[in-house]
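Structure at a glance
For reference, the chains in residue letters:
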Amino acid sequence: MAVIFITIFTWTSIRGFSCSGAHMMYGAGKNFLARPLTRRDALKTLGGAALMGISGSALPNEIFAGPSKPNIVFILTDDHRWDAMSCMGHPFIRTPNLDRIANEGVLFENAFVTTSLCSPSRASFLTGQYAHQHGVVTNHTAWDSRNITFLELLKNAGYDTAFIGKWHMPGKGLPELRGVDRFISFTKEGGQGVYYNCPLIIDGVESDRSGKYITEDLTDFAVKFIEKKGGNPFCLYLSHKAVHFGFRPPKHLNNLYDNVDLKLPPESDTWNTVTRNHLFVGALFPMKILYREYCETVVSVDEQVGRILNKLEEMHLLDNTIIIYAGDNGHFWGEHGLYDKRLAYEESIRIPFLVRYPKLIQDPGRRAPQMILNIDLAPTILDLLELNIPSHIQGQSLKRILQSADAPGRESWLYEHFPVFPIPIPGITAVRTNQYKYIEYQNDVRPKELYDLKADPKEKNNIIRATEGKKLAEELKQELERLKKATGYRFFTRG
Amino acid sequence: MEKQSIYRRVIFPIILVFGVMSVSIYLYNISRFTENRILHLIVSHVSAVFIFLSIWLGALFSNTIAFFRGATFGERLIVCLVPPLFRCAYILSDFLGIYSIGEFFFLFFHHIVIGCPLVALLCMGVSEIWCRIIARQKIGARAIKVFALSNTLVLVLSFVLVCIMLWNGGHFYYYLYMDVYTRLFV
């Protein structure tokens, strides 16, 4: 083996000299490769190579290695709406670090979750499967340890892996998550965690975190994980509690937006959060207070994303790292008179989804209009690393879209929601195409809905009873049934 | 105190609170459909105030009316509990067809549901104090005790239960409730 290395090194050395300093050593104007190799020259080079090989540190390991595998950093936030970023034109939130990822990568303008709820969506990101397949159908259904995460597949492929942050899937404490070297999470408040002083479970050991702000605390661990990079590439799954309800920005961002016109939607009002049974989702404060704190908390996430980017840059890892930022679901801020999420309207199901990977993305700053889903994360990462995508994965790789703006996206997809006790929202199935959305409710407890998203992007006019709507509804109903069949849909009555 | 007709001492106070509650909820729900933003805000703010008063503090008013119209303690209990129980039914109607019968009944113990009648009882307990003081001082009904067993029991029990439900911002009761739910149904 050593002989092979030395021979390869000799050859690469010779090529290197031929391109750079060869003319100084072997005479100007005369290419080393162009002249016959003498025995003396060969011995000189081999001897030098052997000495450098013995000294070890004289040469970077990369010279002997193949092209290094990219690292993965996936940052997942909670309830972060697709438009709560300055790169999506938010009127006052400033997110320079997220904007940077978008400007240096691809921003997916039509990214969605297949279930707009924390636990099912998070399990879908991990497994690449619909909720009805991975089984975490609500926030009360436990993680099935038979599920295979992309972290496990990456571990098998030689990656150092870490899951840091919100797990939020019930069970007795945290699961034995296969394929992660570091597992740092929390179980406080049913796994939702709290913004300040949230105890963490660090590789199985509970740790008091008095005085810590959770987004910063989790990022500290993420940065330490990156700093400890060894010979293997790494995959960091950083899953924030922010910006979930209970919104609390860090102290230095408190009151940041106190004097800002919040520009809430016209149908929104102060009391949305405490009327129409919205108290069941835990909102006890007027809309404006909650929204202001939400926006300030988004800024804190952006700051911590910046720390990750800076660390990667400082370690010269940035361009060999696939960075993906996403939210686990959207959020209503008064649209349709609603608060929270779960329903199949755009505000609830659309998420931010940003990818930065300069080695693949040739046109940074692109905005991709193709419809993509949270279940696409796992197959995309596997595909980018040229690993096999197992057949149980239901999402599609985004590699082609990342490479080319013209790559086709999906034409339609299935949205599903299962009843979550004690929330008065029925089970939902819906199909969304590029132009239409058709929604059905469990036991028809609410009327079916059909929206023309191009003519009515705010989904205010249900056209299901209109003449054109009746025919469309039939077609979309058939498409919904087709998607259900194709994905093995089944309804879970209890969660 | 003169015992007035059942309509005046029982039905009227119920209709008053229930009527304000229903009308204000209806007005609030339709307010967002108005094109005029100013009108929307005025209607939503005003109706929200009346929703709050009727749902959570309605018993303060209805019990006072019933008391001075000669309703018995049992009748006053009915006066105070009927509107919040209607409110509970209204809330629970949103859950019909979604959950099993067992879960549906368990919902009644959710603090947002059971909280309504409990807060009404607390308001009744508070209202009883001032009603009894006024009755003693102004009407001269000296036989009436400010802290009789019945109204004190209502006041103390409802106060303790409301405190339990609100402890730690309601999180303590909620997670306890959900733990029981998980054991029973999941």
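Placed above this text is the structure.
Note that this is a predicted model, so its numbers are computed, not measured.

1. Thoughts on the side chain of Arg342 of chain A
All names here are of chain A.
- With respect to the element layout, Arg342 can be found in the loop between strand E10 (339–340) and helix H10 (346–349).
- Among the residues examined, Arg342 registers a relative accessible area of 7% and is labelled buried.
- Of note is the side chain of Arg342, whose polar atom sits 2.7 Å from the side chain of Asp340.
- Discounting residues that sit within four places of it in the chain, Arg342 has contacts with Ser116, Leu117, Val281, Ser348, Tyr415, His417, Val420, Ile423, Ile425 and Ile428.

2. Topic: the packing of aromatic side chains
- Taken as a whole and judged by the stated rule, the model has 43 aromatic pairs over all chains.
- Judged by centre distance (5.1 Å) and plane angle (70 degrees), the ring pair of Phe74 of chain A and Tyr237 of chain A falls under edge-to-face. Here Tyr237 of chain A lies in strand E7 (residues 234–239) and Phe74 of chain A lies in strand E1 (residues 71–77), a separation of 163 residues in the sequence.
- Phe74 of chain A sits in the buried class, given a relative accessible area of 0%.
- Relative accessible area serves as the criterion here: at 1%, Tyr237 of chain A is assigned to the buried category.
- Measuring from ring centre to ring centre gives 6.1 Å for Phe418 of chain A and Tyr489 of chain A, while their planes differ by 15 degrees; the resulting arrangement is stacked. Of this pair, Phe418 of chain A sits in the loop between strand E13 (412–417) and strand E14 (428–433) while Tyr489 of chain A is found in the segment after helix H13 (467–487), placing the two residues 71 residues apart along the sequence.
- Chaining the aromatic ring pairs together yields one cluster made of Phe280 and Phe421 of chain A together with Phe95, Tyr99, Phe106, Tyr173, Tyr177, Tyr181 and Phe185 of chain B.
- The cationic tip of Lys224 of chain A hangs over the ring face of Phe221 of chain A; the distance from NZ or CZ to the ring centre is 5.2 Å.
- Of note, Arg446 of chain A hangs over the ring of Tyr441 of chain A, and the distance from its end group to the ring centre comes to 5.7 Å.

3. Remarks on the interface of chain B and chain A
- If you look at the interface, chain B gives 31 residues, while chain A gives 33 residues.
- Counting each side, the surface lost to burial between chain B and chain A is near 2700 Å², with a carbon and sulfur contribution of 59%.
- Looking at the side of chain B facing chain A, the largest losses of area belong to Tyr28, Arg32 and Ile98 of chain B, adding up to 22% of the total buried there.
- Counting across the chain B and chain A interface gives 0 salt bridges.
- At the junction of chain B with chain A, the criterion picks out 18 residue pairs in polar contact (both at pLDDT 80 or more).
- At the level of secondary structure, the elements contributing two or more residues to the side of chain B that touches chain A comprise helix H1 (6–31), helix H2 (37–56), helix H5 (101–106), helix H6 (111–139) and helix H8 (171–185) of chain B.

Analysis parameters
Residues numbered from 1 in each chain as written. Chains lettered and ligands numbered in written order. Predicted model: local features only at pLDDT ≥ 70, side-chain atom pairs only at ≥ 80, totals over all residues. Heavy atoms only, no water. Helix = DSSP H or I, 4+ residues; strand = E, 2+ residues; numbered from the N terminus. Buried < 20%, exposed > 50% of the residue type's maximum accessible area, 1.4 Å probe, protein only. Polar contact = N/O pair within 3.5 Å; in protein donor to acceptor, adjacent residues only side chain to side chain. Contact = heavy atoms within 4.5 Å. Phe/Tyr/Trp six-rings, centres within 6.5 Å; stacked < 30°, edge-to-face > 60°. Lys NZ or Arg CZ within 6 Å of the ring centre and 35° of its normal. Buried area = accessible area lost by both parts, 1.4 Å probe. Salt bridge = Lys/Arg side-chain N within 4 Å of Asp/Glu carboxyl O.

Shape descriptors only; they carry no functional weight alone.
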